[in-house]
Amino acid sequence: MIKLTTLKLVTIIAESILEDKILLGIKDNGAKGYTAMSSHGKGSRGTGTGEIPGANIRIETLVSPEVAEKIMEYISSSYFKNYAVICYVVEASVLRGEKYT
């Protein structure tokens, strides 16, 4: 029988210029690791500038509920006012959950 741990998957989509600051911030708020990838799409601010490579970054991290709250507070207070940033959280059932907490 497999053992699953329920964690939070925090996803942040932001302007790529913010990548280093966001990665440092999520680690400072308790994330043990992350996955980052280039991203593009269309939303309330229109279509991203697709002709500029890496115009957006998508960052995902698996964390405890407490760390998820800290990260979301950090993102909202640091970036929402002046940058195109999206942040959301969903529950995730994870194998080897001890690696993330």
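These numbers come from a predicted model, not from an experiment. One numbering rule holds for all chains: residues counted from 1, following each sequence as written. It should be noted that, the model being predicted, local features are given only for residues of pLDDT at least 70 and side-chain atom pairs only at 80 or more, the latter also being counted only at that level, while totals for whole chains, interfaces and linings use all residues. Hydrogens are left out, water is left out, and the side-chain values use all remaining heavy atoms of the structure.

A. A look at unusual backbone geometry. Unlike most non-glycine residues, Arg-96 shows phi in positive territory, near 55 degrees. Checked against the element boundaries, Arg-96 lands in the segment after β6 (85–95). Helix and strand definitions follow DSSP, with helices as H or I runs of at least four residues and strands as E runs of at least two, each counted in order from the N terminus.

B. Spatial organisation of a nonpolar patch on the surface. Think of a patch as exposed residues, more than 30% relative accessible area, with no salt bridge, where like charges cluster within 9 Å and nonpolar side chains (Val, Leu, Ile, Met, Phe, Trp, Tyr) cluster within 5 Å. Using a 1.4 Å probe, accessible areas were evaluated by the Shrake-Rupley method; residue-level cover was limited to the displayed protein chains. What makes a salt bridge here is a side-chain nitrogen of Lys or Arg within 4 Å of a carboxyl oxygen of Asp or Glu, nothing more. A surface patch of nonpolar side chains, about 310 Å² in accessible area, is lined by Ile-2, Leu-4 and Leu-95. Partly exposed residues are those whose accessible area sits between 20% and 50% of the maximum for their type, while under 20% is buried and over 50% is exposed, using a 1.4 Å probe and protein chains only. Judged by relative accessible area, Leu-95 falls into the partly exposed class, the value being 49%.

C. Summary view of the environment of Leu-18. Checked against the element boundaries, Leu-18 lands in the loop between β1 (4–15) and α1 (19–28). Note: C-alpha distance between Leu-18 and Tyr-79 (61 residues apart in sequence) is 8.9 Å. What Leu-18 contacts, discounting residues up to four positions off in sequence, is Tyr-79, Tyr-83 and Val-85. Throughout, a contact is declared for two residues whenever any of their heavy atoms are within 4.5 Å.

D. Looking closely at the sheet that holds β6. Any two strands with at least two DSSP-identified bridges between them are counted as paired. The 4 strands lie next to each other as β2-β5-β1-β6, forming an open sheet whose pairing is antiparallel. With one partner strand each, in any of the chains shown, β2 (35–39) and β6 form the two edges of the open sheet. The sheet shows a mean angle of 20 degrees between the axes of neighbouring strands, taken without regard to direction. For β2 and strand β5 (residues 56–63), the ladder comprises 5 bridges, and the chain directions are antiparallel. Residue pairing in the sheet places Ser-38 in a bridge with Ile-57 of β5. Only the stretch in contact is used when fitting a helix axis, every axis being a line fitted to C-alpha atoms; angles between N-to-C directions are given from 0 to 180 degrees.

E. Representation of the packing of α1 against helix α2 (residues 65–79) in the model. Packing of α1 against α2 brings their axes to within 9 Å, and their N-to-C directions diverge by 145 degrees. Along this stretch, α1 crosses α2, giving a crossing that reads as right-handed. Facing Lys-21, Ile-22, Gly-25 and Ile-26 of α1, the residues of α2 in contact are Ile-71, Tyr-74, Ile-75 and Tyr-79. Classification used: nonpolar for Ala, Val, Leu, Ile, Met, Phe, Trp, Tyr, Cys and Pro, charged for Asp, Glu, Lys and Arg, polar for all others including Gly. By residue class, the composition of the contact of α1 with α2 is 6 nonpolar, 1 polar and 1 charged. Here a crossing is called left-handed whenever its near helix is offset anticlockwise from the far helix by less than a right angle, and right-handed whenever the offset is clockwise.

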